[in-house]
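Spelled out, the chains give:
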Amino acid sequence: MHMAKTKRTKWFTMTEEEVKDEWSDRPLIGQVVGYENVVTDRLVKRWNEALDGYEVERGPTYDDKEMKTVKKRTLKQLIKGRPAFVLYAIDASVSTFNDLDIAAFQTLDRGDVPFYIVLVNGASVPHTRIEQLLETFRINGYRAVSPETDPTAWGTIEETFGNEREELLERVVEHVRLDSLNETKGEVEKAIRQHVAASFAVGFTPIPFADGPILLANQGKMISRIFKAYELGGFWQQAQTLVGTLGAGQLLSQLGRYVAAQVLKFIPGVGTIAGGMINGTVASAITVALGLTVSEMGYEASKKQLIDEDVDIDAFLQETFGGDTVKTMFQQFFERETERLKDKK
């Protein structure tokens, strides 16, 4: 299995303090979000001036005609970018807020992105109406201000984010590390499926009963590379012991039609093709299941390190994946992959 080398920093392999040191000198990036007629470069510049020590960028804007689809997509992209905070603009002169805005607030909450609701273009709106809107937001637990009707609004936002800077930085560091780990997991799983082609080809070995050892050797290389991808190569021996509980016998017992396929190989020509098709499909399912099982072990071990940097990885692996846990996990992945391959036929 080929794990492409990139210059991307694996933040999850660094301690929280190391990552914080890397990010402490960077400005915390905020995003301005709102409707097309609300979010302007002028407002972004104004907010940058108000939020000294932060860098505020123009984020996604929405058009009424395509708001539903755009808002769902752009908010997802916004959260993936992990801004330190969001200023969510609502035009008080033409609208209040609607279900889509509420859904946006909930999405930001779920994404653990702190935000301030900022009512703009409210100079011509009665103050009583502005106060009603602000109170509605506050009752629902949202922070909201109206800079045009409250001269202290920008000071309030600046003070809030100034007081919360350390907390915001810690949140950014936490997400940077977890996002890095999740990205690595995605790359590993993609590499596992790329690796399947080699396992499938093993099924076409024209010598009866010859492919079992080749298949297992092929999978062994994949497993070691998975743990290296998670920067856990030093703990491979413990993981190997747990994976070993599956046993070569159990792996091959999953083949089901393995023996029948081997018998078909004695028939020249057609036998090799038929046997290869049967073995190749099942070998692919085994390889994917084994790879995903090992990837899950590496992922959970790395995730545990994010929470507790002093964790004993050997003990964690044994406690979390000992007994029948790893067998059950492998079986579930195998059945899922078998069904997926059947659906592709």
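In what follows, the accompanying structure is described. (Residues numbered from 1 in each chain as written. Predicted model: local features only at pLDDT ≥ 70, side-chain atom pairs only at ≥ 80, totals over all residues. Heavy atoms only, no water.)

Tallied over the full model, the rule gives eleven aromatic pairs. Aromatic side chains Y88 and F105 sit 5.0 Å apart centroid to centroid with 75° between the ring planes, which places their arrangement in the edge-to-face category. Here the residue Y88 occupies a position in strand β3 (residues 85–91), and F105 occupies one in helix α4 (residues 99–110), the gap between them amounting to 17 residues. No difference in accessibility class separates Y88 from F105, as the two residues are buried. Members of the aromatic cluster, each reached through a chain of ring pairs, are Y88, F105, F115, F137 and Y142. (Phe/Tyr/Trp six-rings, centres within 6.5 Å; stacked < 30°, edge-to-face > 60°. Helix = DSSP H or I, 4+ residues; strand = E, 2+ residues; numbered from the N terminus. Buried < 20%, exposed > 50% of the residue type's maximum accessible area, 1.4 Å probe, protein only.)

With that settled, the discussion passes to unusual backbone geometry. What is expected of a backbone is that most residues other than glycine have negative phi and most peptide bonds are trans. The backbone phi angle of D112 is positive, close to 60°, even though this residue is not glycine. Note that D112 resides in the loop between α4 and β4 (115–120). Even without being glycine, N121 reaches a positive phi, approximately 55°. With respect to the helices and strands, N121 occurs in the loop between β4 and α5 (127–139).

Right, let's talk about the environment of G298 for a bit. Inspection of the secondary structure assignment puts G298 in helix α12 (residues 270–307). We classify G298 as buried; its relative accessible area is 0%. As for G298 and I313, which are separated by 15 residues in sequence, their C-alpha atoms are 10.0 Å apart. The residues contacting G298, other than those within four sequence positions of it, are F227, Y230 and L232. (Contact = heavy atoms within 4.5 Å.)

For the rest of this paragraph, the subject is the pattern of salt bridges. The final tally for this structure, using the stated rule, is eleven salt bridges. With a shortest N-O distance of 3.3 Å, D41 and R58 are connected by a salt bridge. Separated by 17 residues along the polypeptide, D41 in helix α2 (residues 41–50) and R58 in strand β2 (residues 54–62) bring together distant segments of the chain. For E167, the salt bridge is made with R171, and the minimal N-O distance between the two is 3.6 Å. Note that E167 and R171 are positioned in helix α7 (residues 165–202) at a spacing of four residues, about one turn of the helix. Judged by relative accessible area, which is 43%, E167 ranks as partly exposed. Via salt bridges that share partners, K20, E166 and E170 belong to a single interconnected network. (Salt bridge = Lys/Arg side-chain N within 4 Å of Asp/Glu carboxyl O.)

Further remarks concern a negative patch on the surface. Together, E16, E17, E18, D21, E22, D25 and E174 line one region of the surface with negative charge. As for its position among the elements, D25 is in the loop between α1 (16–24) and β1 (28–35). (Patch = residues over 30% accessible without salt bridge, like charges linked within 9 Å, V, L, I, M, F, W, Y side chains within 5 Å. Areas by Shrake-Rupley, 256 points an atom, 1.4 Å probe, with all protein chains shown as cover. Lys, Arg positive; Asp, Glu negative; His and termini not counted. Charge placed at Lys NZ, Arg CZ, Asp CG, Glu CD.)

Let's shift gears to the sheet that holds β3. Reading across from one edge, β2-β1-β3-β4-β5 is the order of the five strands in this open sheet, with parallel pairing throughout. Every other strand in the sheet has two partners, leaving β2 and β5 (144–145) as the edge strands with one partner each. In this sheet, β2 lies alongside β1 in parallel orientation, the contact comprising seven bridges. Of the residues in β2, the one forming a bridge with G34 is T61. Helix-sheet contacts for α2 involve β1, β2, β3 and β4, and the interaxial angle to β2 is about 150°. Across the sheet, α4 is in contact with β1, β3 and β4; its angle to β3 comes to roughly 175°. (Pairing = 2+ DSSP bridges. Axes fitted to C-alpha atoms, helices over the stretch in contact; angles between N-to-C directions.)

Purely spatial values, then, with no claim about function.
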